[in-house]
Amino acid sequence: MGGLGGVCTEESANGGTDVWSASDAAASTADHLVVMVHGILGSTTDWKFAADQFGRMLPDKVIVHCSERNMHKLTLDGVDIMGERLAAEVLEVIDRRPEIQKISFIAHSVGGLVARYAIGRLYRLRKIPQEDLPNDAFDDNSRGTIGGLEAMNFITVATPHLGSRGNKQVPFLFGVIAIEKVASCVIHWIFRRTGRHLFLTDNDDGKPPLLQRMVDDWDDLYFMSALQAFKRRVAYSNVGFDHIVGWRTSSIRRNSELPKWEDSLSQKYPHVVYEERSKGECTNGSPIDADCDMLEEKLVTGLTRLSWERVDVSFHSSKQRFAAHSVIQVKDSFVHSEGADVIHHMIDHFLT
């Protein structure tokens with residue numbers, strides 16, 4: 001265990017990292033677990049900058065855990081297998097820190113899908129008398145817990161919520177439909193089971209694709225009930241120069257819903273170019289985008305039954321713009337430093 005500029009870090013036996021305040025007084029009051037989940041082929045170090053910033057700026061509030069169970073090649077095993085590992089890991093962290101009362105998730109890229117699966121496993125229905133339940137309760141956050149903890153923030157960063165199969169959902173395929181179709185057929189050669197989940201080509205025992213199942217509660221996995229339990233759901237997205245995850249899939253929008261933006265909204269957050277808060281939509285009242293295939297439409301419709309905050313980010317004027325997928329996370333504090341304002345935006349709004 002070591003201290004670094006006001007925070008302590010501790011490596012677990014399996015390689016995970018916990019970060020908390022170096023001040024005993026502050027650390028003694030911290031009761032909010034923040035679980036950070038990396039993306040494909042990633043590791044705990046991907047969130048090092050953000051974890052340190054959370055520890056410094058919210059010293060008496062949070063304990064950060066950078067997930068350890070799905071590092072490197074293990075991220076190719078599939079969203080469901082990774083989600084089960086993450087759920088087990090979170091329960092272990094909760095068991096060893098009895099002071100924790102609240103929980104939040106911050107996840108990058110595919111890690112956002114893994115976190116959505118994990119909370120579906122961790123969801124626990126609260127035993128509330130029927131007369132105490134509100135009448136209009138689908139987007140009510142009082143109904144369940146995550147691992148027995150109060151669910152606070154569920155934040156994704158450049159996560160392909162709608163998968164990677166649609167037109168321009170993977171920008172480096174240049175929007176050429178023929179190339180995109182070939183990619184969906186061969187992606188599993190490179191990214192194995194995770195690739196099938198991303199391109200929605202999985203067909204386990206005749207079931208719908210996993211990402212389609214994850215917009216409902218399915219068997220003993222309470223995917224949507226778990227998402228609704230969080231007080232905030234936030235999607236940070238790159239509007240451009242992210243060659244891995246397109247703007248539409250990361251912001252959970254139809255093509256016609258992508259907003260026009262001009263430049264930064266404030267000097268404090270120079271790369272944040274658009275923000276909006278949406279209310280949960282009625283499932284039969286949303287227009288169907290002509291450019292959106294029916295499976296993608298099911299995912300959009302399912303996820304937007306709940307309210308979301310959307311934060312759109314652009315590094316178009318940055319020298320680091322071509323690495324936007326990593327810059328938005330500050331994967332490396334030296335190489336991807338221009339994304340620091342996005343992390344600070346996240347922290348500044350974390351307790352609102």
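Residues numbered from 1 in each chain as written. Predicted model: local features only at pLDDT ≥ 70, side-chain atom pairs only at ≥ 80, totals over all residues. Heavy atoms only, no water.

1. Description of the overall build of the protein chain
Secondary structure assignment for the protein chain yields 11 helices and 12 strands. Relative to its full complement of 352 residues, the protein chain shows a buried share of 56%. Of all intrachain contacts in the protein chain linking residues separated by at least 6 positions in sequence, the fraction that spans at least 24 positions is 73%. As presented, the protein chain carries roughly 15,200 Å² of accessible surface, and 54% of it is formed by carbon and sulfur atoms. (Helix = DSSP H or I, 4+ residues; strand = E, 2+ residues; numbered from the N terminus. Buried < 20%, exposed > 50% of the residue type's maximum accessible area, 1.4 Å probe, protein only. Contact = heavy atoms within 4.5 Å. Areas by Shrake-Rupley, 256 points an atom, 1.4 Å probe, with all protein chains shown as cover.)

2. Overview of the packing of aromatic side chains
Tallied over the entire structure, the rule returns 7 aromatic pairs. Relative to Phe 230, the ring of Phe 105 has its centre 6.3 Å away and its plane inclined at 75 degrees; by these criteria the two rings are edge-to-face. Remark: Phe 230 occurs in the loop between helix H7 (223-229) and strand S10 (232-238) and Phe 105 occurs in strand S6 (residues 102-108); sequence separation between them is 125 residues. Ring plane angle 55 degrees and centroid distance 5.4 Å describe the contact between Tyr 117 and Phe 223, whose orientation is recorded as tilted. Taken as a pair, Tyr 117 in helix H4 (residues 110-122) and Phe 223 in helix H7 lie far apart in primary sequence, 106 residues in all. Residue Tyr 117 shares its accessibility class with Phe 223, and that shared class is buried. Taken together through their ring pairs, the aromatic side chains of Phe 105, Phe 154 and Phe 230 make up a single cluster. (Phe/Tyr/Trp six-rings, centres within 6.5 Å; stacked < 30°, edge-to-face > 60°.)

3. Topic: the packing of helix H2 (residues 48-57) against helix H11 (residues 340-348)
Interaxial distance between H2 and H11 falls to 10 Å at its minimum, and their mutual angle equals 40 degrees. Looking at the two axes, H2 sits oblique to H11. Crossing of H2 over H11 shows right-handed handedness. Contacts between H2 and H11 involve Phe 49, Ala 50, Gln 53, Phe 54 and Met 57 on the former and, on the latter, Ala 340, Ile 343, His 344, Met 346, Ile 347 and Asp 348. Here the residues of the contact of H2 with H11 are counted per class, giving 8 nonpolar, 2 polar and 1 charged. (Axes fitted to C-alpha atoms, helices over the stretch in contact; angles between N-to-C directions. Parallel < 35°, antiparallel > 145°, perpendicular 65-115°, else oblique. Left-handed = near helix turned anticlockwise from the far one by under 90°. Nonpolar A, V, L, I, M, F, W, Y, C, P; charged D, E, K, R; others polar.)

4. Here's the deal with helix H3 (residues 79-96)
For H3, which comprises 18 residues, the first-to-last C-alpha distance of 26 Å matches the rise-based estimate of 26 Å (1.5 Å per residue) to within 8%. For H3, every residue scored as buried is listed here: Val 79, Asp 80, Met 82, Gly 83, Leu 86, Ala 87, Glu 89, Val 90, Val 93 and Ile 94. (Expected span 1.5 Å × (residues − 1).)

5. Brief notes about the environment of Ile 103
Of note, Ile 103 is situated in strand S6. Among the residues examined, Ile 103 registers a relative accessible area of 0% and is labelled buried. With 48 residues separating them in the primary sequence, Ile 103 and Ala 151 have C-alpha atoms 5.2 Å apart. Once residues lying within four places of it in the same chain are set aside, the contact partners of Ile 103 are His 32, Leu 33, Val 35, Val 90, Ile 146, Leu 149, Glu 150, Ala 151, Met 152, Asn 153 and Phe 230.

6. Quick word on the nonpolar core
Core analysis: the biggest nonpolar cluster contains 52 residues, and Leu 86, Phe 105 and Ile 146 have the highest contact counts within it. Elements with a minimum of two residues in this core: strand S4 (32-37), H3, S6, H4, strand S9 (150-157), helix H6 (210-213), H7 and helix H9 (294-303). For this core, the element with the most residues is H4, which contributes 8 residues. The residues contacting Leu 86, other than those within four sequence positions of it, are Val 35, Val 37, Ser 67, Asn 70, Phe 105, Val 114, Ala 115 and Ala 118. (Core = buried A, V, L, I, M, F, W, Y, C linked by side-chain atoms within 4.5 Å.)

7. With respect to the environment of Glu 68
You can see Glu 68 is positioned in the loop between strand S5 (62-66) and H3. Relative accessible area serves as the criterion here: at 7%, Glu 68 is assigned to the buried category. Here the alpha-carbon distance between Glu 68 and Leu 86, two residues 18 residues apart in the chain, equals 8.3 Å. There is a polar contact of 3.2 Å between the side chain of Glu 68 and the side chain of Arg 69. (Polar contact = N/O pair within 3.5 Å; in protein donor to acceptor, adjacent residues only side chain to side chain.)

8. Looking at the pattern of salt bridges
In the structure shown here, the tally under the stated rule is 23 salt bridges. Salt-bridge contacts for Glu 68 lead to Arg 69; the nearest nitrogen and oxygen are separated by 3.2 Å. As far as the burial class goes, Glu 68 and Arg 69 line up, both buried. Across the pair Arg 253 and Glu 276 runs a salt bridge whose closest N-O atoms are separated by 3.2 Å. Of the two residues, Arg 253 is situated in the loop between helix H8 (247-251) and strand S11 (272-278) and Glu 276 in strand S11; the sequence distance between them amounts to 23 residues. On the accessibility criterion, Arg 253 (1% relative accessible area) is buried. One salt-bridge network, in which partners are shared between bridges, spans Asp 18, Arg 96, Arg 97 and Glu 99. (Salt bridge = Lys/Arg side-chain N within 4 Å of Asp/Glu carboxyl O.)

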